[in-house]
Amino acid sequence: MANEEPKTVPQQIIMKGGDGPLSYAKNSSLQKGVVDATKGMIIHAIANNLDMDKFCSQSSSQTFRIADFGCSIGPNTIFSMQNIIQALEQKHHENNHGNSPTILEFQLFFNDHSTNDFNTLFKSIPPSWPYFVAGVPGSFYRRLFPKSSIHIGHSSNALQWLSKVPQEVVDCKSPAYNDGSIYCRGIEKEVTKAYIAQFEKDMESFLNGRGEELVNGGLMVILMGGVPNGIPLSHTAIGKFYDLFGSCLLDLTNKGLVNEEKVKSFNLPLYFPSAKEVKELIERNGRFSIESMNEITEQLKRGQPLPSAQNCISHVRAGFEGLIKDHFGTEIVDEFFACYAKKHLQSGFVFGDNGVDNTLMFMILKRI
Ligand SMILES: C[S@@+](CC[C@H](N)C(=O)[O-])C[C@H]1O[C@@H](n2cnc3c(N)ncnc32)[C@H](O)[C@@H]1O
């Protein structure tokens, strides 16, 4: 139909469910590296920025409610929650010299899209875990909890996912049409402008939602991917990865296995901001103070061995199979990832060792 809007990739990205060899649960050690690298920073941030006495005064028990936004299937969300609980218990113990009349209880909320495999996540929780847990399906770009009900919010490796691909970038009549690429390279001015506008809108929605839900003085811990200030994504390791990824679609088109129009209407709903951009958005929103903001790539690199090629390939499939399947159909999935694996091995690509380093932003925000 002439006036039909081009179809963009689905609004809900889905990490591969279950706990099989190709699942996100078995292929998220790169993201776990990020979670591990920031454990000490979380303990430090809670010790220095959370006024626990304000919440614990006089009562015999106090429930801390903690929410993980974009939890996926695990196991990283479990580690993150444990790190936060450890930090709260440690601070409570130190505040009271191990002698508090107040018993702490913890209620943990796991948020992700309704299509996330929550069953696998809940099955992986040890039956003896002494916490109250609940799943909260829905986009974190809207309200998910009652007003002032959450003490600590957490989100890792999730906020670079946009709520949708900006429509203009897949509209061949628009000046922002992203011809020849599947992501925001950070070079084409109009394309970049469209992605930035979507990112700003989404961040504003996220901050507004959490601004309502967090108690006054509550903390939001955010870990997200980004770029060094002034560096386009295409010059970074992640950009090089998307180039490789996108080239497989072209190969399959040349082989006649994928429709060219379908490829042209495919863009990734992802934006990697600089710390400067994120800082400005948080300040403009005004609901949170920035207690700390660090870029921790170098620390991560020092602490982590580089992943093997096979490991990288499995991670890519666990993260992106859902998008490919949704847009191009199930029948193309194996062929696409076989092509990706071949090119990956030929190119010698290794995450963490190609192009300019990407940034990992670690932020502690306080609800004011
Ligand atoms: C790469 S995974 C990260 C999972 C986990 N936090 C970690 O660090 O391993 C990103 C997760 O964010 C979720 N996500 C992305 N956009 C979302 C949204 N708007 N609302 C809720 N979850 C979202 C995805 O479904 C996915 O499970």
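Residues numbered from 1 in each chain as written. Predicted model: local features only at pLDDT ≥ 70, side-chain atom pairs only at ≥ 80, totals over all residues. Heavy atoms only, no water.

Draft legend 1. Quick look at the overall build of the chain. Assigned secondary structure in the chain consists of twelve helices and seven strands. Relative to its length of 368 residues, the chain is compact, with a C-alpha radius of gyration of 21 Å against a globular reference of 21 Å. Dimensions of the chain along its principal axes, counting C-alpha atoms only, are 70 × 40 × 40 Å. The 368 residues of the chain split such that 54% are buried. When contacts within the chain are restricted to residue pairs at least 6 apart in sequence, those whose partners lie at least 24 apart make up 83%. (Helix = DSSP H or I, 4+ residues; strand = E, 2+ residues; numbered from the N terminus. Rg over C-alpha atoms; globule rule 2.2 N^0.38 Å. Buried < 20%, exposed > 50% of the residue type's maximum accessible area, 1.4 Å probe, protein only. Contact = heavy atoms within 4.5 Å.)

Draft legend 2. Broad picture of the side chain of Ser80. Here Ser80 lies in helix α4 (residues 76-95). Given the relative accessible area of 1%, Ser80 is considered buried. With residues up to four places along the chain from it excluded, the contact list for Ser80 reads Val35, His154 and Ser156.

Draft legend 3. Seen up close, the pattern of salt bridges. A complete count under the given rule lists 15 salt bridges for this structure. Lys147 is the partner of Glu212 in a salt bridge, and the nearest nitrogen-oxygen pair spans 2.5 Å. Linking Glu212 in helix α6 (residues 189-213) with Lys147 in the loop between β3 (132-137) and β4 (150-156), this pair joins segments that are 65 residues apart in sequence. On the basis of relative accessible area, Glu212 is assigned to the partly exposed category, the value being 23%. For Lys147, a relative accessible area of 55% puts it in the exposed group. Here Glu321 and Lys325 are joined by a salt bridge, their closest N and O atoms 3.6 Å apart. Of this pair, Glu321 and Lys325 are both found in helix α11 (residues 309-328), four residues apart, which corresponds to roughly one turn of the helix. (Salt bridge = Lys/Arg side-chain N within 4 Å of Asp/Glu carboxyl O.)

Draft legend 4. Broad picture of the packing of aromatic side chains. Applying the stated rule across the entire model yields 25 aromatic pairs. Considering the side-chain rings of Phe336 and Phe337, the 5.0 Å spacing of their centres and the 85° angle between planes classify their relative orientation as edge-to-face. Residue Phe337 is classed as buried on the basis of its relative accessible area of 5%. Grouped by ring-pair contacts, the aromatic residues Trp161, Tyr183, Phe241, Tyr242, Phe245, Phe272, Phe320, Phe336, Phe337 and Tyr340 constitute a single cluster. The ring of Phe206 carries the charged tip of Arg210 above its face, separated from the ring centre by 4.8 Å. (Phe/Tyr/Trp six-rings, centres within 6.5 Å; stacked < 30°, edge-to-face > 60°. Lys NZ or Arg CZ within 6 Å of the ring centre and 35° of its normal.)

Draft legend 5. A look at the site of the ligand. In the vicinity of the ligand, 19 residues are found, and the nearest of them are Tyr24, Asn76, Asp112, Ser156 and Asn157. At 2.8 Å from an oxygen atom of the ligand is found a side-chain nitrogen or oxygen belonging to Asn76. Within the side chain of Ser139, a nitrogen or oxygen atom sits 3.1 Å from a nitrogen atom of the ligand. Taken by itself the ligand offers 600 Å² of open surface, and the protein chains cover 97% of this. Partitioned by chemical class, the residues of the shell around the ligand number eight nonpolar, ten polar and one charged. (Near = heavy atom within 4 Å. Polar contact = N/O pair within 3.5 Å; in protein donor to acceptor, adjacent residues only side chain to side chain. Areas by Shrake-Rupley, 256 points an atom, 1.4 Å probe, with all protein chains shown as cover. Nonpolar A, V, L, I, M, F, W, Y, C, P; charged D, E, K, R; others polar.)

Draft legend 6. Inspection of the environment of Pro175 at higher detail. Structurally, the position occupied by Pro175 is in the loop between β4 and α6. Sequence separation of Pro175 and Lys189 is 14 residues, and the distance between their C-alpha atoms is 9.4 Å.

Draft legend 7. Highlighting the side chain of Thr102. Within the element layout of this structure, Thr102 appears in the loop between α4 and β2 (103-112). Among residues more than four places away in sequence, those in contact with Thr102 are Cys56, Ser59, Ser60, Ser61, Gln62 and His92.

Draft legend 8. Here's a closer look at helix α2 (residues 39-49). Along α2, the positions that sit buried rather than exposed are Met41, Ile42, Ile43, Ala45, Ile46 and Asn49. Contacts from the buried residues of α2 go to α1 (29-37), α4, β4, β5 (214-226), β6 (288-295) and β7 (359-367).

Draft legend 9. Focus on the pairing of β5. Burial analysis of β5 places twelve of its 13 residues in the buried class, which makes it a mostly covered element. Two strands pair when backbone bridges link them, and β4 and β5 are joined in this way by six bridges, in the parallel orientation. From the neighbouring strand, Ser156 faces β5, where its bridge partner is Leu223. Note that the unit made of β4, α6 and β5 has a crossover that is right-handed. (Pairing = 2+ DSSP bridges. Right-handed = clockwise from strand over helix to strand, strands pointing away.)

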